[in-house]
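Here is what each chain is made of, one letter per residue.
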Amino acid sequence: MLEQARTELSTLRDLLRFAVSRYNEARLFFGHGTDNAWDEAVYLLLHSLHLPLDRLEPFLDAKLTSAERADLLHLIERRVKERLPVAYLTNEAWLGEFSFYVDERVIVPRSFIAELLREQLAPWVEDPDAVADVLDLCTGSACLAILAAHAFPAARIDAVDLSPDALAVARHNVADYDLAARIRLVEGNLFAGLKSRRYDLIIANPPYVNAVAMATLPAEYRREPELALASGDDGLDLTRAILAGARRQLRPHGLLVVEIGHNREALEAAFPETPFTWLDTTAGDQYVFLLHRDDLP
């Protein structure tokens, strides 16, 4: 099939049609930045050809060189055969207008907290300029730490992860955004390496996939580090640990914001006396909670 494609497909339109057909034929799973074959194929091809990601139409009938065609076909086949998330093929992932370097050492950035940071956590944070210290737990690629640095321009950010591999990727992104003076990367298990540091805001997008879901994840998600996904039988192991340690790391007025996936019902059953505030996101109000320091269990 590839040999025939190399000779018969000549334009970007041809390659785009071919990619969508291959994706649909292979029944790929989409959930790392796009939710359908067309959008993902458009992104992969435009990115790989160094074309503007928002300008498909002018280039559709442009002929490809033989080297370009070979490179694109190779990427399409890797996506199909290896079930690699597209972000690992392009080494790029987007949260809003922010782009981050990623590879298989980190989970592909995706978080509802990102859209809340774009609004500077209003109305819960009254004065973004007064936020002096932020802690980002389970930072991965440092995407949320970088967004927090932009949302709160006076803040210093500690970004913590257990994985030295993840922190190597985080270091790359912090350098890309020239934020090394404001973002400190810390290797450790949640609060263990922070000693007596206190924060105005703690954000966390920890692992939250439960055991049943881990056993049935699509192949694309299984290409991501298991350490960044699995969190015990009910998906709440890391969230419990965060709730147990957050009070002593927060200043008296401090806030905790945590993303928990589909675990709202399980969390509320586990902590029936805790007054969680559920924050509105584009997907609904069941994925991210907020707690004031004094309301922590």
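Keep in mind the model is a prediction, meaning the values are calculated, not measured.

Definitions and limits used
- Residues numbered from 1 in each chain as written.
- Predicted model: local features only at pLDDT ≥ 70, side-chain atom pairs only at ≥ 80, totals over all residues.
- Heavy atoms only, no water.
- Helix = DSSP H or I, 4+ residues; strand = E, 2+ residues; numbered from the N terminus.
- Rg over C-alpha atoms; globule rule 2.2 N^0.38 Å.
- Buried < 20%, exposed > 50% of the residue type's maximum accessible area, 1.4 Å probe, protein only.
- Contact = heavy atoms within 4.5 Å.
- Areas by Shrake-Rupley, 256 points an atom, 1.4 Å probe, with all protein chains shown as cover.
- Expected span 1.5 Å × (residues − 1).
- Polar contact = N/O pair within 3.5 Å; in protein donor to acceptor, adjacent residues only side chain to side chain.
- Phe/Tyr/Trp six-rings, centres within 6.5 Å; stacked < 30°, edge-to-face > 60°.

Undergrad: Would you mind showing me how to read the overall build of the chain here?
TA: On a plain count of helices and strands, the chain comes out with twelve helices and nine strands. Taking 297 residues into account, the globule formula puts the C-alpha radius of gyration at 19 Å, and the chain, at 21 Å, falls close to it. In terms of principal-axis extent, the alpha carbons of the chain reach across some 65 × 40 × 35 Å. For the chain, buried positions account for 50% of its 297 residues. In the chain, of all internal contacts separated by at least 6 residues, the share reaching a separation of at least 24 is 68%. Of the accessible surface of the chain, which amounts to about 14000 Å², a share of 50% is contributed by carbon and sulfur atoms.

Undergrad: I keep staring at helix 3 (residues 37-48) and nothing clicks. Help me out?
TA: Think of an α-helix as turning once every 3.6 residues; residues three or four places apart then point the same way. End to end, helix 3 covers 16 Å across twelve residues, agreeing with the expected 16 Å (1.5 Å per residue, within 8%). Those residues of helix 3 lying buried are A37, E40, A41, V42, Y43, L44, L45 and L46. The inward-facing, buried residues of helix 3 abut helix 2 (12-26), helix 4 (66-82), helix 5 (86-90) and strand 1 (93-95). For helix 3, the N-terminal cap is N36; the gap from its side-chain oxygen to the backbone nitrogen of W38 is 3.2 Å.

Undergrad: It is not clear to me how the packing of aromatic side chains should be interpreted in this structure. Could you clarify?
TA: A ring pair, where both rings are aromatic, is described by two values, the distance of the centres and the angle of the planes. A full pass over the atoms with the stated rule returns eight aromatic pairs. Between the aromatic rings of F276 and W278, the centroid separation amounts to 5.9 Å while the plane-to-plane angle is 45 degrees, which identifies the pairing as tilted. As far as burial versus exposure is concerned, F276 and W278 are alike and both buried. For the ring pair W278 and F289, a centre distance of 5.9 Å and an interplane angle of 75 degrees mean the geometry is edge-to-face. Of this pair, W278 sits in strand 8 (residues 277-278) while F289 sits in strand 9 (residues 288-292); the two residues are eleven residues apart in sequence, bridging distant segments of the chain. Like W278, the residue F289 is buried in the burial classification. Taken together, the ring pairs connect F98, F100 and Y177 into an aromatic cluster.

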